[in-house]
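Now for the letters of each chain:
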Amino acid sequence: MKKQRSFREKMRTLAAIDIAAFVPLGLALIADNRTFSILSFVWLVLLFAVDCIMDSKWMRCPHCNSWLGHLPGVRRGYLQFCPRCGEELNWDAKSEE
């Protein structure tokens, strides 16, 4: 059974991944430990790849399936209509993943 998430929940998940990617890198800069820095960089690259994959899968118009992730305001929930099909975007409607 697939879990249902709204656009808003998906955006929060992607923001959490972004934060989780950069926190260890910041700690590595403070710690000044080469091994920790390398592992933090690998972690950053891995989570960046996961973020890109999830963004391309999740940030799509529910009506025409066009990718919305490249548009300004999408991550903040400002976009009200899909620029491709013109349908209204409901940021709190649940959709299957």
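Here's what I pulled together on the structure shown here. (Residues numbered from 1 in each chain as written. Predicted model: local features only at pLDDT ≥ 70, side-chain atom pairs only at ≥ 80, totals over all residues. Heavy atoms only, no water.)

Okay, the environment of Asp-55 next. Looking at the element boundaries, Asp-55 is found in helix α2 (residues 34-58). For Asp-55, a relative accessible area of 8% gives the class buried. Between the alpha carbons of Asp-55 and Gly-69 there is a distance of 6.5 Å; along the sequence they are 14 residues apart. (Helix = DSSP H or I, 4+ residues; strand = E, 2+ residues; numbered from the N terminus. Buried < 20%, exposed > 50% of the residue type's maximum accessible area, 1.4 Å probe, protein only.)

Moving on, we get to the environment of Met-59. Within the fold, Met-59 resides in the loop between α2 and β2 (94-96). As for Met-59 and Gly-69, which are separated by ten residues in sequence, their C-alpha atoms are 5.3 Å apart.

The terminal C-alpha atoms of helix α1 (residues 7-31) lie 37 Å apart, and with 25 residues this matches the ideal 36 Å at 1.5 Å per residue to within 8%. Residues Phe-7, Lys-10, Met-11, Leu-14, Ile-17, Ala-21 and Ala-28 constitute the buried set of α1. Looking at the residues trailing α1, positive phi occurs at Asp-32, about 55 degrees. (Expected span 1.5 Å × (residues − 1).)

Structurally, Cys-64 is set in the loop between α2 and β2. The exposure class of Cys-64 is partly exposed, given its relative accessible area of 25%. Counting along the chain gives 21 residues from Cys-64 to Cys-85, while the straight-line C-alpha distance between them is 6.5 Å. Filtering out sequence-adjacent residues up to four positions away, Cys-64 remains in contact with Cys-82, Arg-84 and Cys-85. (Contact = heavy atoms within 4.5 Å.)

On to the state of the cysteines. All told, the structure shown has zero disulfides when counted by the stated rule. Cys-64 takes part in no disulfide bond, and the closest cysteine sulfur to it belongs to Cys-82, at a distance of 3.7 Å. (Disulfide = S-S within 2.5 Å.)

A word on the nonpolar core. Among the nonpolar cores identified, the biggest contains 16 residues, and Phe-7, Met-59, Leu-68, Leu-89 and Trp-91 are the most heavily contacted of them. Elements with a contribution of two residues or more to this core: α1 and α2. Tallying contributions element by element places α1 first for this core, with five residues. (Core = buried A, V, L, I, M, F, W, Y, C linked by side-chain atoms within 4.5 Å.)

Further remarks concern α2. Under the 1.5 Å per step criterion, the end-to-end length of α2 is 36 Å for 25 residues, consistent within 8% with the ideal 36 Å. The complete set of buried residues in α2 reads Ser-40, Leu-44, Leu-47, Asp-51, Met-54, Asp-55 and Trp-58. Lining the buried residues of α2 we find β1 (4-6) and α1.

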